[in-house]
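Given next are the chains, with one letter for each unit.
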Amino acid sequence: MHEYLSPLKPRYSECKWCGKRTAYSCIRCSYCYSCHPAIEYAERTGLGAA
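Rules and cut-offs
- Residues numbered from 1 in each chain as written.
- Predicted model: local features only at pLDDT ≥ 70, side-chain atom pairs only at ≥ 80, totals over all residues.
- Heavy atoms only, no water.
- Helix = DSSP H or I, 4+ residues; strand = E, 2+ residues; numbered from the N terminus.
- Buried < 20%, exposed > 50% of the residue type's maximum accessible area, 1.4 Å probe, protein only.
- Areas by Shrake-Rupley, 256 points an atom, 1.4 Å probe, with all protein chains shown as cover.
- Phe/Tyr/Trp six-rings, centres within 6.5 Å; stacked < 30°, edge-to-face > 60°.
- Lys NZ or Arg CZ within 6 Å of the ring centre and 35° of its normal.
- Arc of directions from axis to C-beta.
- Contact = heavy atoms within 4.5 Å.

Trainee: Outline the overall build of the chain, supporting the account with residue identities and numerical values.
Mentor: A tally of helices and strands in the chain yields 1 helix and 2 strands. The helix and strand sequence of the chain, counted from the amino end, reads β-β-α. The buried share among the 50 residues of the chain stands at 32%. As presented, the chain carries roughly 3,600 Å² of accessible surface, and 54% of it is formed by carbon and sulfur atoms.

Trainee: Outline unusual backbone geometry, listing residues and values.
Mentor: Most peptide bonds take the trans configuration, and most residues that are not glycine carry a negative phi. Despite not being glycine, Ser30 has its phi angle at roughly 70°, a positive value. Examined against the element boundaries, Ser30 turns out to sit in the loop between strand 2 (21–22) and helix 1 (36–45). By relative accessible area, Ser30 is classed as partly exposed at 29%.

Trainee: How would you sum up the packing of aromatic side chains? Please name residues and give values.
Mentor: Applying the stated criterion to the full structure yields 2 aromatic pairs. Ring centres 5.7 Å apart and planes at 80° place the aromatic pair Tyr24 and Tyr33 in the edge-to-face group. On the basis of relative accessible area, Tyr33 is assigned to the partly exposed category, the value being 44%. Above the ring of Tyr33, the side-chain terminus of Lys20 is found at 5.1 Å from the ring centroid.

Trainee: Lay out helix 1 in plain terms, naming residues and giving numbers.
Mentor: Restricting attention to buried positions, one finds in helix 1 the residues His36, Ile39, Glu40 and Ala42. The buried residues of helix 1 all sit within an arc of 160° when viewed along its axis, so they share a single face. Gly46 sits one or two positions beyond helix 1 and adopts a positive phi of about 80°.

Trainee: Can you break down the side chain of Ser25 residue by residue, with the values?
Mentor: Here Ser25 is to be found in the loop between strand 2 and helix 1. Take Ser25: its relative accessible area is 1%, and that puts it in the buried class.

Trainee: Report on the environment of Tyr12, specifying residues and quantitative values.
Mentor: As for its placement among the helices and strands, Tyr12 is situated in the segment before strand 1 (13–14). Through-space distance from the C-alpha of Tyr12 to that of Thr22 is 5.2 Å; in sequence the pair is 10 residues apart. Residues in contact with Tyr12, not counting those within four places in the same chain, are Arg21, Thr22 and Ala23.

Have a look at this one:
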């Protein structure tokens, strides 16, 4: 499981996959909370990130 940035100290960044700008992005991979489940699934199954 990856760590997310705290909404208490917002730092907006752009998701590497969908391009959405959000304060809720992963510290480790920079994907937003909406795209992140698909990325983690791909990592677990060995399919790689799309």
